[in-house]
Amino acid sequence: PVKIVTIGGGSSYTPELMEGFIKRYDELPIKEIWLVDIEDGKEKLEIVGTMAQRMWDASPYDVKVHLTLDRREALKDADFVTTQFRVGLLNARIKDERIPLSYGMLGQETNGAGGMFKALRTIPVILDIVKDMKELCPDAWLVNFTNPSGMVTEAVMRYGKWDKVIGLCNVPVGAMMKEPKMINKSLDDLTYKFAGLNHFHWHKIFDNATGHDITQKVIDAIYDPNVDDGTPKNIFNVKFFKEQLDQMQMIPCGYHRYYYRQEEMLAHALEEYNDPQVGTRGQQVKQTEAELFELYKDPHLNYKPEQLAKRGGTHYSDAACETIASIYANKNTHIVVSTKNNGAIPDLPTDCTVEVSAYIGSIGAKAIAFGELHPAERGWLQCMKNMELCVEEAAVTGNYDLLLQAFILNPQVVSGTTGKRIMDELLIAHKKYLPQF
Ligand code: NAD
Ligand code: G6P
Ligand code: MN
């Protein structure tokens, strides 16, 4: 019988996770689920946790959902630990967004100054979790969803010295759900190959019948105005330059817009920031979250409501629950994960974390070789990976000078006095959650 522990259990995504486990119960016989949160999330945990139990009670399976603020009690003898927490909750995210935007620079959950600060707040917590796991469940797998997912996963391996970790994102799931339809195929007809970093990967698509690379067909379909290309709800869908995609012969992930169409993305973010009726994405999500928790309070609701699809992370359980089921049953399923490079992308060091297509089985992720990238992509990739490495090291050491280096490296931060001022202001704004500085 399997014991699952979910840290950040008060998240509005928890019903999504329950649905994924219920769907897969036959191959993943869960006995108990422990939802862990902290004092600040107690009310959310209570509401969504009760709703989670209702979902199981409405299923044919006998599963108990435990709610606790005691992480160590929960972790004892866990088989799988999933993490979906947000240090400082949405108020911290809103500061990550608004402070840089107040200076005319991008403020975003996982990109630019905001993304770097989310890593600084999160990495000390995930390393504490790993410390507890070493003591209380040394054989467990850690399945991380907490953003910035790639950096958090890398910190677990590099600084936590814990290799049984897999990082996840729902963006590749969304692409594989939407794109086959765009070219009148089903996912089974196609083979996908992804490579890059979390929120910074590209992919290619092959036709199983012919063996041909058919990426160009999908590129062409993206420019059909009537088609839903699977871009996550949280990303403003300005189109990539078609000339650029025609040249690269790959599909960039939705987040590449912040780099390839930086001007338009920044203008859009500033427009929302300056409109008090709209506000930043974090402010918008606060509203959606409040609506969701009102629904979750309904004692008759025992399934995941439609409205959860307004969140950018929708369908995340397809990655999380499938990863766990694949490890448990040694299924060797193709899943896109953050894992150790091991040569899959020869343009990056073998020991760094990459987000790539992998086969997931009982020994974890076996990254599939992607091969070298063209200089046009290699340049970005190496810059972004090294920026991430600097952020992670700064998160562990609290080294201000190194953090400044990371800021200067980050393409979303214009180097100079203003960038440094944003960094200083964020250090003050998040002081409570940055014990290392
Ligand atoms: P949220 O604001 O609802 O936070 C989830 C819970 O974490 C809250 O109940 C909060 O109290 C709790 N929490 C905070 N600090 C904690 C700690 N130290 N220990 C335990 N619990 C703690 O967040 P959300 O919007 O549901 O998102 C959750 C996380 O998942 C975020 O980090 C978000 O960025 C990430 N996310 C990732 C993806 C992806 O593709 N990987 C997609 C969506 C969301
Ligand atoms: C995306 C990403 C996540 C991100 C989320 C934001 O799809 O994959 O990593 O956290 O959506 O969604 P939100 O609704 O919180 O803005
Ligand atoms: Mn993601």
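The coordinates are above.
Definitions and cut-offs
Residues numbered from 1 in each chain as written. Chains lettered and ligands numbered in written order. Predicted model: local features only at pLDDT ≥ 70, side-chain atom pairs only at ≥ 80, totals over all residues. Heavy atoms only, no water. Buried < 20%, exposed > 50% of the residue type's maximum accessible area, 1.4 Å probe, protein only. Helix = DSSP H or I, 4+ residues; strand = E, 2+ residues; numbered from the N terminus. Pairing = 2+ DSSP bridges. Right-handed = clockwise from strand over helix to strand, strands pointing away. Arc of directions from axis to C-beta. Contact = heavy atoms within 4.5 Å. Near = heavy atom within 4 Å. Polar contact = N/O pair within 3.5 Å; in protein donor to acceptor, adjacent residues only side chain to side chain. Nonpolar A, V, L, I, M, F, W, Y, C, P; charged D, E, K, R; others polar.

The alternating pattern of strand S5 (residues 141-144) places Trp-141 and Val-143 and Leu-142 and Asn-144 on opposite faces, both of which are buried. Bridging between S5 and strand S6 (residues 165-167) involves three bridges; their strand directions are parallel. Its bridge partner lying in S6, Asn-144 is registered against Gly-167. In this fold, the crossover linking S5 to S6 by way of helix H6 (residues 149-158) has right-handed handedness.

Attention shifts here to helix H8 (residues 215-222). Of the residues making up H8, those classed as buried are Thr-215, Val-218, Ile-219, Ala-221 and Ile-222. Axial view of H8: buried residues confined to an arc of 165°, hence all on one face. Check the buried side of H8 and you find it contacts helix H7 (171-182), strand S8 (200-207), helix H9 (242-248) and strand S9 (251-252).

What follows deals with the environment of Asn-342. Residue position: Asn-342 is located in the loop between strand S10 (333-340) and strand S11 (353-361). On a C-alpha basis, the gap between Asn-342 and Thr-353 in space is 8.9 Å, while along the polypeptide they are 11 residues apart.

This part covers the site of ligand 1. If you check the shell around ligand 1, you find 27 residues, and the closest are Ser-11, Asp-37, Lys-44, Glu-109 and Lys-118. Asn-170 places a polar side-chain atom, nitrogen or oxygen, 3.1 Å from an oxygen atom of ligand 1. Per-class residue counts for the shell around ligand 1 are 10 nonpolar, 10 polar and seven charged.

Next up on the list: unusual backbone geometry. Here the bond from Asn-147 into Pro-148 is cis, since omega is -10°, no more than 30 degrees from zero. One can find Pro-148 in the loop between S5 and H6. The residue Asn-184 is not glycine, and still its phi comes out positive at about 55°. Structurally, Asn-184 can be placed in the loop between H7 and strand S7 (190-197). By relative accessible area, which is 73% here, Asn-184 ends up exposed. The residue Asn-330 is not glycine, and still its phi comes out positive at about 45°. The residue Asn-330 is located in the loop between helix H13 (316-328) and S10 in this model.

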